[in-house]
There are 4 protein chains.
Amino acid sequence: MGELDLQQFNVAIDLALEAKEQAESGGSGPIPGVLMDTTEDDGMTITRLEITNEEGSAALNKMIGHYVTFEVPDLRKQDTNLQDRVATRFAQEFAGFLERVGIGKAANVLIVGLGNWNVTPDALGPLVVENSLVTRHYYELMPDQVAPGYRCVSAVAPGVLGVTGIESSDIVQGIIDRSKPDLIIAIDALASKSLDRVNTTIQIADTGVHPGSGIGNKRRGLTKEILGIPVIAIGVPTVVYASTIVNNTIELMRNHIKAQNGNTDHIFGLINQMPENERLQLVREALGPLGHDLLVTPKEIDQFIEDIANVVASGLNAALHEAVDKSNVAAYTH
Amino acid sequence: MGELDLQQFNVAIDLALEAKEQAESGGSGPIPGVLMDTTEDDGMTITRLEITNEEGSAALNKMIGHYVTFEVPDLRKQDTNLQDRVATRFAQEFAGFLERVGIGKAANVLIVGLGNWNVTPDALGPLVVENSLVTRHYYELMPDQVAPGYRCVSAVAPGVLGVTGIESSDIVQGIIDRSKPDLIIAIDALASKSLDRVNTTIQIADTGVHPGSGIGNKRRGLTKEILGIPVIAIGVPTVVYASTIVNNTIELMRNHIKAQNGNTDHIFGLINQMPENERLQLVREALGPLGHDLLVTPKEIDQFIEDIANVVASGLNAALHEAVDKSNVAAYTH
Amino acid sequence: MGELDLQQFNVAIDLALEAKEQAESGGSGPIPGVLMDTTEDDGMTITRLEITNEEGSAALNKMIGHYVTFEVPDLRKQDTNLQDRVATRFAQEFAGFLERVGIGKAANVLIVGLGNWNVTPDALGPLVVENSLVTRHYYELMPDQVAPGYRCVSAVAPGVLGVTGIESSDIVQGIIDRSKPDLIIAIDALASKSLDRVNTTIQIADTGVHPGSGIGNKRRGLTKEILGIPVIAIGVPTVVYASTIVNNTIELMRNHIKAQNGNTDHIFGLINQMPENERLQLVREALGPLGHDLLVTPKEIDQFIEDIANVVASGLNAALHEAVDKSNVAAYTH
Amino acid sequence: MGELDLQQFNVAIDLALEAKEQAESGGSGPIPGVLMDTTEDDGMTITRLEITNEEGSAALNKMIGHYVTFEVPDLRKQDTNLQDRVATRFAQEFAGFLERVGIGKAANVLIVGLGNWNVTPDALGPLVVENSLVTRHYYELMPDQVAPGYRCVSAVAPGVLGVTGIESSDIVQGIIDRSKPDLIIAIDALASKSLDRVNTTIQIADTGVHPGSGIGNKRRGLTKEILGIPVIAIGVPTVVYASTIVNNTIELMRNHIKAQNGNTDHIFGLINQMPENERLQLVREALGPLGHDLLVTPKEIDQFIEDIANVVASGLNAALHEAVDKSNVAAYTH
């Protein structure tokens, strides 16, 4: 049978924050059409970024829209208390995000867990689905008896193209046609540019999920244009390309040497002045023929993915259902 | 919130063979409208049963249609060679079944793995989906290069109502609308009447999946009437109600005593003459208030379910794709 | 190779409470040498039972010693709050038990998780080991820096005879020789006589683990006589024999009929007067030839075993380490 | 409590082949005291390397002894046929290795699966234990009936220090004292220097397992000196440090540029002439403060580890038991 490369080349930068860092690395100051606001809160850095026009969009190569990023470096430390605090804060921020982008409290939500439950770093979506508090069947089967404070929520894990033979977006479209939600919340595992963001960062965006983003093999996106209803994407970087680790580390080495007042031209030769994309190209050429340019994930991924899926699911449950106790969001997942 | 009992009471007998045994237990000879033919083959008993008219349907309380049952008592013994032989025989029988019920060699197939991948005895469907050889994406993306001998196959695991909040049949209907298959093959874990059939029996039927059958919580079925295309169901009993074990065992005790020329009236009193349904009712009343009437599964279910999912997936892959080597069907799953 | 039946016939009744119920079913009043005290506490029934002499031991066919049983019927309902309350109460009771049987606060503990981590209903022991707070390596490698309030604890999962080829008790003896604990706490999955105790009951006993108890294949026990140090056993019934379900249910049916003033002799014939052991024998004969007498477990065992392992591990961590917050015992496991 | 860094710094190079490559990278020709012989066989490269004296040992910083390495680049491609061929060849080579290092056909073997079954890339050892054909209990319990062609084999997974609180080597020593094997075969997941060796390489060595090798946290080794009986180690690289990927890739970039007749001094500046260790030091300094220097593993590790554990277990079963059919080694695992 003909060969079909499902592991398509991933050119997109999934995190808006990383796109902005990269765009700014040229050094010409603030980018027009990009607003940003950062809060530090007890071990978390929360960044609200908005791309307001085409100029900002072009500069970052990201869609116009709202982005919120949680950076929690200690999220890999298996600290249950920290996880609870992040989930609680995430719930508040997500509720605010819904309001900001105009989603009402009664909107009927379909949570879509993208990814493959048999590939640990790609299992984030299905794990969140499992831990989501779904209520749609109560609304359908005994609407009189649904307690106040619960929104109508359903959740599916459509699987990946290599397992199903069907595009996730086609499956989701079919389910939307039947179940008529007002909003999609799509959960996806992402690729990061730097290893320290892996399993420590959560991004919320109202721009949907685009082809080639995430670590699965999507050829069509999940966006309002395609599906007809708004799509909020929640992404967590869980993998990084070997080539990206290398390229990123050369950058860190240059900064490290500069910080020690070293002469980076002297030490790095031409590499020092090479534009980042060109350098990445060189790295890929060197790795390519040997098949070294794998997507990699931390050794402890089993624990990390379970922890962060719990944070996201707990946060979502509290944000979507008013009846869920916001001060103890974790009690509703296991 | 109102209580919704998703674990609805299961009145249907899932296996046609068991329905026939029960119908015959009255003892009035062959049942009109029911044809049956049994083959013994090297440790397997293969029964082809056809319900040809309403009379047979009413007698068995099963739909008019074709049923094939594999009974392989040693399938719980972890014998790899036996598993390979069953998969090979299953492939032949399934290919013949497709022909018999008028499905052509070019029919585009959607495999639907019903059940919950987090509940081991209910994970049969999702496990078969994982091990299915899907090709639809090749047909969609590079149709010129699909090698001969491969049919267009896709596969989804829609999840269960308690996890998704959406009926499986609605999800499947939505996917059918988008992906346009000609035939559904639905895989489902069933409840059996007797413990010795659990994980040793496979049933094929062209009657679809009906509400209340299987061990999940289906309120609408997957049938040709509902979905508009033929539905072949593959079912494996993986659980049994405690009450059914008891009722079934009392029957075995009566037979055991009769075989020893004992006086069953003397030994069993009124129980001996009680009709089966009435006796089952008594058992349930006794178990009920204490919450004892659980669905149970053998202790070794983890291994059993993996073995039988491999048999079914291997068999399906060989039956659906002519290019798969029929003499070594197991090489295409893992 | 010769056949070795590792699934040996299980004659022992694992729960002292069940042994007492059975001994009393003859109906001749309190049993000499057996003291019992029962507390009801917010959904839990806690029974302290002591067998004080040979007469009591013979009557119950259980060793002289202390037994505590937690019965929590709702423990299968996935109620996180209840689980936390049980863990907290278990911690208090276990701490009291240690004191009562003369184990000091400084005693060095080895937790032994019996069972097979690949067989879900037998995975209780290994799951508790995973979630135990071990400290022995800190004591060995940096004794000056161990914070106050932490006892020296280690934990192993020795595996089962069918996987290792070595008796668990030999492996544990070897580890004791090397690591010199003062006390063994052995965690084991048990077989119950009644389905309603499965995954709802926890037994603590200072009598160790005896050959043929539990659901693995132990041919030598873990007792003070064999190992030279005290052994406290924590057991949870996770399986039940099909034959026991039947026999137990016939008993329930008789009680049910008596409660309605029915004539049980009339309804049950000779069965009504048959001693329990004889009736069980009859059930086994009826089930036997067909291989029906399996050990079975509830369909939802994956979730049940995880929940109860967390309760036991959380309780143990709080009972063994004074520094663990007794009011929030669950925070130390995941 | 004091902090104990169980993830100790890993200075050792686990693969002898990589040590030799590194030692030779200075370029001064063959290394005295090191013999090497390489065979290509249908997609596998098999290298027999022997360190014969102290000079060779010092040059490679590896123990005197025998090393055999299987390199199979396509082992990550989920090709069942290739896996079977590798297992078969591994069985032959391992049987020859046993002979070469003087282990008799009747030697009683204890397989030790090092690592943590809950951390996928570290689960190789426990997975091999699960799939090993153990017989020791037959020898103990019914010696007359053991069929010819089966060696006495047992297998344990002692767990890791962070979970048990006891050194693996202490646990193993205790088990040896009780079960009296003649030989240890220790299975361990290793760290590699290059990403392309991860899950594609298997090393056999008669030098045992040394502290700081492997990816767990061993502080004492498993060697003949410590345990009193020979120890053959089977290692598979399953992880790689981020810093090693970077350092290794810079080397690949230099080679890539040289191959294109580029001036590496010009392009790389001082980096070009930096000794490898110094460059690695620089990489680690740059990564260090940000916690980037994680051990990483390929995204597909779940499947890779299962496949390679099956290859090793199948190969061992065939090598250790003459009765196992050498032409179909895979039939004995699942």
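Keep in mind that this is a model prediction, so the values were computed, not measured.

S.K.: Quick question: what am I supposed to make of the overall build of chain A here?
M.R.: Each helix and strand in chain A was counted, giving twelve helices and nine strands. Seen along its three principal axes, the alpha-carbon backbone of chain A occupies a region of about 75 × 55 × 40 Å. When burial is assessed residue by residue, chain A has 63% of its 334 residues classed as buried. At a minimum sequence separation of 6, the contacts of chain A that also span at least 24 residues come to 72%. When the accessible surface of chain A is summed, it comes to about 12,200 Å², and 48% of that surface belongs to carbon and sulfur atoms. Computed over 25 positive and 43 negative side-chain charges, the separation of the two mean positions in chain A equals 2 Å.

S.K.: What should I look at first to understand the interface of chain D and chain A in this one?
M.R.: The extent of an interface is frequently quoted as the accessible surface area lost upon association of the parts. The interface is formed by 41 residues belonging to chain D together with 41 residues belonging to chain A. Carbon and sulfur atoms supply 72% of the area buried between chain D and chain A, which totals about 3,800 Å² over both sides. The interface formed by chain D and chain A holds zero salt bridges in total. Seen at the junction of chain D and chain A, the total is seven residue pairs in polar contact (both at pLDDT 80 or more). Breaking the side of chain D that touches chain A down by element, the ones donating at least two residues are α9 (242–259), α10 (264–268), α11 (276–287) and β9 (295–298) of chain D. When residues in the side of chain D that touches chain A are grouped by element, the largest group, nine residues, is from α9(D). Among the residues making up the side of chain D that touches chain A, the classes are represented as 25 nonpolar, eleven polar and five charged. Looking at chain direction, strand β9 (residues 295–298) of chain A and β9(D) are connected through three bridges and run antiparallel.

S.K.: Whenever I open this one, the relation of the copies chain D and chain A confuses me. Can you help?
M.R.: A rotation about an axis combined with a shift along that same axis relates the two copies of the chain. Here chain D sits on chain A after a turn of 180° about the axis and a move of 0.0 Å along it, with an RMSD of 0.0 Å. Expressed as a symmetry operation, the mapping of one chain copy onto the other fits a two-fold axis. For chain D, the residue whose C-alpha comes nearest the rotation axis is G269(D), separated from it by 1.9 Å. A share of 100% of interface residues in chain D that are also interface residues in chain A marks the association as one of identical surfaces.

S.K.: Where do I start with the packing of helix α9 (residues 242–259) of chain A against α11(D) in this structure?
M.R.: Interaxial distance between α9(A) and α11(D) falls to 8 Å at its minimum, and their mutual angle equals 85°. Here α9(A) lies roughly perpendicular to α11(D), going by the angle between them. Where α9(A) abuts α11(D), its residues T249(A), L252(A), M253(A), H256(A) and I257(A) lie against L282(D), V283(D), E285(D), A286(D) and L287(D). For the contact of α9(A) with α11(D), the residue count by class is seven nonpolar, two polar and one charged.

S.K.: Explain the pattern of salt bridges to me, please; I cannot follow it from the model alone.
M.R.: Here the structure, examined in full by the defined rule, presents 60 salt bridges over all chains. Ionic pairing is found between E251(C) and R279(C), a salt bridge with its closest N-O pair at 2.9 Å. Residue E251(C) is found in helix α9 (residues 242–259), and its partner R279(C) is found in helix α11 (residues 276–287); the two are separated by 28 residues along the sequence. Residue class for E251(C) comes out partly exposed when judged on its relative accessible area of 25%. Residues participating in the shared-partner salt-bridge network are E18(A), E21(A), E71(A) and R197(A).

S.K.: Which parts of the structure should I look at to understand α9(C)?
M.R.: For the α-helix, the turn length of 3.6 residues means that residues three or four positions removed from each other point alike. All names here are of chain C. Between its first and last C-alpha, α9 extends 26 Å over 18 residues, near the 26 Å set by a 1.5 Å rise per residue. Where burial is concerned, most of α9 is hidden: 14 out of the 18 residues are buried. Just downstream of α9 lies N261, where phi reads positive at about 60°.

S.K.: Help me out: how do you make sense of helix α7 (residues 168–179) of chain C in this one?
M.R.: Residues and elements named next belong to chain C. If you check α7, its first and last C-alpha atoms are 16 Å apart, about what twelve residues at 1.5 Å a residue would give, namely 16 Å. Of all twelve residues that make up α7, ten are buried, and the element is covered over most of its length. Buried within α7 are the following residues: S168, S169, D170, I171, V172, Q173, G174, I175, I176 and S179. Backbone geometry just after α7 places K180 at a positive phi near 55°.

S.K.: Can you walk me through the pairing of strand β8 (residues 231–241) of chain C in this structure?
M.R.: The two faces of a sheet get side chains in turn, since along a regular strand they alternate between them. Residues and elements named next belong to chain C. Most of β8 is tucked away: eleven of the eleven residues are buried. Direction of pairing for strand β6 (residues 183–192) relative to β8: parallel, over a ladder of nine bridges. Paired with S192 across the strands is V240, a residue of β8. Bridge analysis of β8 against strand β9 (residues 295–298) gives two bridges, and the strand direction is antiparallel. Its bridge partner being in β9, V240 is matched across the sheet by V296.

S.K.: Hey, could you run me through the packing of aromatic side chains in this one?
M.R.: Working definition: an aromatic ring pair is given by the centre-to-centre distance plus the angle between the planes. Counted by the stated rule, this structure contains ten aromatic pairs over all chains. Arranged with centres 5.9 Å apart and planes meeting at 25°, the rings of F90(C) and F94(C) form a pair that is stacked. One end of the pair is F90(C) and the other is F94(C), both in helix α3 (residues 80–100) and four residues apart, which spans about a single turn. There is no split in this pair, since F90(C) and F94(C) are both buried. The structure contains a cluster of three or more aromatic residues connected by ring pairs, namely F70(A), F90(A) and F94(A).

S.K.: Please explain unusual backbone geometry as it appears in this structure.
M.R.: Excluding glycine, residues mostly carry a negative phi; peptide bonds, for their part, are mostly trans. Positive phi is not limited to glycine here, since Q78(A) has a value of about 55°. Assignment of secondary structure puts Q78(A) in the loop between β3 (65–71) and α3 (80–100). A positive phi angle, close to 55°, is found at K180(C), a residue other than glycine. Relative to the elements of secondary structure, K180(C) occurs in the loop between α7 and β6.

S.K.: I keep staring at the environment of Y241(D) and nothing clicks. Help me out?
M.R.: Residue and element names in this part refer to chain D. Among the secondary structure elements, Y241 is positioned in strand β8 (residues 231–241). Classification of Y241 as buried rests on a relative accessible area of 11%. Taking the C-alpha atoms as reference, Y241 lies 39 Å from T135; in sequence the two are 106 residues apart.

S.K.: Whenever I open this one, the side chain of Q203(D) confuses me. Can you help?
M.R.: Its location among the elements puts Q203(D) in strand β7 (residues 201–205). Among all residues touching Q203(D), those that are not within four sequence positions of it are D14(D), L15(D), A16(D), L17(D), Y67(D), V68(D), T69(D), A233(D), I234(D) and G235(D).

Each value, and the rule that gives it
Residues numbered from 1 in each chain as written. Chains lettered and ligands numbered in written order. Predicted model: local features only at pLDDT ≥ 70, side-chain atom pairs only at ≥ 80, totals over all residues. Heavy atoms only, no water. Helix = DSSP H or I, 4+ residues; strand = E, 2+ residues; numbered from the N terminus. Buried < 20%, exposed > 50% of the residue type's maximum accessible area, 1.4 Å probe, protein only. Contact = heavy atoms within 4.5 Å. Areas by Shrake-Rupley, 256 points an atom, 1.4 Å probe, with all protein chains shown as cover. Lys, Arg positive; Asp, Glu negative; His and termini not counted. Charge placed at Lys NZ, Arg CZ, Asp CG, Glu CD. Buried area = accessible area lost by both parts, 1.4 Å probe. Salt bridge = Lys/Arg side-chain N within 4 Å of Asp/Glu carboxyl O. Polar contact = N/O pair within 3.5 Å; in protein donor to acceptor, adjacent residues only side chain to side chain. Nonpolar A, V, L, I, M, F, W, Y, C, P; charged D, E, K, R; others polar. Pairing = 2+ DSSP bridges. Least-squares fit on C-alpha atoms with pLDDT ≥ 70 in both. Axes fitted to C-alpha atoms, helices over the stretch in contact; angles between N-to-C directions. Parallel < 35°, antiparallel > 145°, perpendicular 65-115°, else oblique. Expected span 1.5 Å × (residues − 1). Phe/Tyr/Trp six-rings, centres within 6.5 Å; stacked < 30°, edge-to-face > 60°.

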